[in-house]
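Structure assessment
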Amino acid sequence: MALDALVRLDKVSKVFPGGIVALDAVDLDIISGEFITLLGPSGCGKTTSLRVIAGFESPSSGKVLLDGRDITALRPFDRPVNTVFQDYALFPHMNVAENVGFGLSLRKLSGSEQAKRVREALDMVGLADKLGARVSELSGGQRQRVALARAIVCEPRVLLLDEPLSALDAHLREQMQVELKRLQSRLGTTFVMVTHDQTEALSISDRIVVMNKGRVEQIAPPATLYDRPATTFVASFIGTMNLLKSSFIGRDGDRLRFAAGGLSLEATSETGDMPAEGAERTIGVRPEDLLATTDAAAGTAPARVNSIVFHGRTLRLHAELGQGLPVVIDAPRQSEGFQFSVGDVAHISLRRGANCPMLPS
Ligand SMILES: Nc1ncnc2c1ncn2[C@@H]1O[C@H](COP(=O)(O)OP(=O)(O)OP(=O)(O)O)[C@@H](O)[C@H]1O
Ligand SMILES: [Mg+2]
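Residues numbered from 1 in each chain as written. Chains lettered and ligands numbered in written order. Predicted model: local features only at pLDDT ≥ 70, side-chain atom pairs only at ≥ 80, totals over all residues. Heavy atoms only, no water.

1. Considerations on unusual backbone geometry
Positive phi, normally seen in glycine, also occurs at E155, with a value near 50°. Tracing the chain through its elements places E155 in the loop between α4 (140-152) and β7 (158-162). Positive phi outside glycine occurs at Q323, with the angle close to 60°. Mapping Q323 onto the fold places it in the loop between β17 (314-320) and β18 (326-332). (Helix = DSSP H or I, 4+ residues; strand = E, 2+ residues; numbered from the N terminus.)

See the structure below:
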């Protein structure tokens, strides 16, 4: 585990009445100053993890540490942690400044010091001109910013954000992602965000924790998760990945050669697992790492095109290799029209230099 962990979950489990295991021995180190995102499908334990860090939920077993100190028994208010909730939880009867100042009013600060900090926090989120506005007069994006200002005004060491952007439309959401990241770098505060949107997680995070059924599947920076997923779950959850049952042919230095439905593949072993000749493994292949041509050049494998989906710059081919093996290929659109139609045979090969992970079966 990292030495410089600000927050550490040490074998944290949470079992709810009725035996629902929300968290199953979760180990997690959150590094000071990072933007870390918990990503996973509905019910995998993301919110429960945040609530355990905030102190709203106590673990059934395991410990929560802050700066190496056991804070498992500490009440939420005594932790240097603030939460931005999905529904913002603003007070409708208070104006913007009163909402932001609410957390401060519980501390012993002079009126002028409070007013100054409220102004600074609203300035940070670009709402300095909305001090006296009523919450009901604000747009969704502005309410989100008020909720952020209210959370940062208390200068927490850790800011927890549970699906903070999910109520916003796609365009505003993308804009707020950029703003959130910028705010986090300016403040230098540790942000722990929850999302089930992999694109959001990939674009905003320093590191991503992929969760599945109360367990941590992999913790890594976005590019590592994308290029070197450790499990088939991560491979299929992050972007699109062909999971091809392949048989091992032999090795070329550290490149392992496989075949799947007539297609030749090269893979790397992250775990050091060395298959025996003829052994089956699952090889992860990104659609953009497969090339489709009309001519049957050497080293290509024929695949029947079953459907073609328009994706803007590329077309996504759903095709079938030998032995009925389904495969998805992203082919660039040609300016003078695309050369494949449904029912055609495309000749598929692996792009030279493509990095395909060998996944545990
Ligand atoms: N208070 C509770 N009592 C009983 N079961 C709960 C409680 N809170 C959560 N759970 C269960 O624990 C599991 C994890 O829930 P959690 O809210 O952490 O999921 P999540 O990853 O945040 O999902 P979502 O993306 O839908 O918000 C789920 O099966 C959920 O039904
Ligand atoms: Mg949740």
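2. Observations concerning the sheet that holds strand β2 (residues 20-31)
Pairing in this open sheet of four strands is antiparallel, and the strands run β2-β1-β4-β5 from one edge to the other. Two strands close off the open sheet at either side, each with one partner strand: β2 and β5 (69-70). (Pairing = 2+ DSSP bridges.)

3. Looking at the domain arrangement of the protein chain
If you check the domain split of the protein chain, you get domain 1 (5-236) and domain 2 (244-359). Just the C-alpha atoms count here: the centres of domain 1 and domain 2 sit 39 Å apart. Of the residues lining the interface, nine residues belong to domain 1; the matching set on domain 2 comes to seven residues. For the pair domain 1 and domain 2, the number of links is zero salt bridges. For the pair domain 1 and domain 2, the interface holds two residue pairs in polar contact (both at pLDDT 80 or more). Of all elements in the fold, only α7 (222-227) and α8 (232-237) reach the threshold of two or more residues within the side of domain 1 that touches domain 2. In terms of residues, the side of domain 1 that touches domain 2 owes the most to one element, α7, which gives three residues. Tallied by class, the residues present in the side of domain 1 that touches domain 2 amount to five nonpolar, two polar and two charged. (Domains from an automatic or database assignment. Contact = heavy atoms within 4.5 Å. Salt bridge = Lys/Arg side-chain N within 4 Å of Asp/Glu carboxyl O. Polar contact = N/O pair within 3.5 Å; in protein donor to acceptor, adjacent residues only side chain to side chain. Nonpolar A, V, L, I, M, F, W, Y, C, P; charged D, E, K, R; others polar.)

4. Looking at the packing of helix α2 (residues 96-105) against helix α3 (residues 111-124)
One way to put it is that α2 packs onto α3 with a least axis distance of 9 Å and a crossing angle of 120°. Classed by the angle they form, the pair α2 and α3 counts as oblique. Helix-helix and strand crossings are classified by hand; for α2 and α3 the assignment is right-handed. Here V96, A97, V100, G101, L104 and S105 of α2 lie close against α3, whose contacting residues are Q114, R117, V118, A121 and L122. (Axes fitted to C-alpha atoms, helices over the stretch in contact; angles between N-to-C directions. Parallel < 35°, antiparallel > 145°, perpendicular 65-115°, else oblique. Left-handed = near helix turned anticlockwise from the far one by under 90°.)

5. Concerning the packing of aromatic side chains
On inspection of all chains with the given rule, the structure shows five aromatic pairs. Ring plane angle 40° and centroid distance 6.3 Å describe the contact between F56 and F85, whose orientation is recorded as tilted. One end of the pair, F56, is in the loop between α1 (46-54) and β4 (61-66); the other, F85, is in the loop between β6 (81-84) and α2, with 29 residues separating them in the sequence. Residue classification places F85 among the partly exposed residues on the basis of a relative accessible area of 33%. (Phe/Tyr/Trp six-rings, centres within 6.5 Å; stacked < 30°, edge-to-face > 60°. Buried < 20%, exposed > 50% of the residue type's maximum accessible area, 1.4 Å probe, protein only.)

6. Describing the site of ligand 1
Every one of the 13 residues lining ligand 1 counts as a neighbour, but S42, G43, K46, T47 and T48 are closest to it. Between an oxygen atom of ligand 1 and a side-chain N or O atom of S42, the distance comes to 2.5 Å. The side chain of K46 places a nitrogen or oxygen atom 2.8 Å from an oxygen atom of ligand 1. Notes on ligand 1: free accessible area 630 Å², of which the protein chains cover 61%. (Near = heavy atom within 4 Å. Areas by Shrake-Rupley, 256 points an atom, 1.4 Å probe, with all protein chains shown as cover.)

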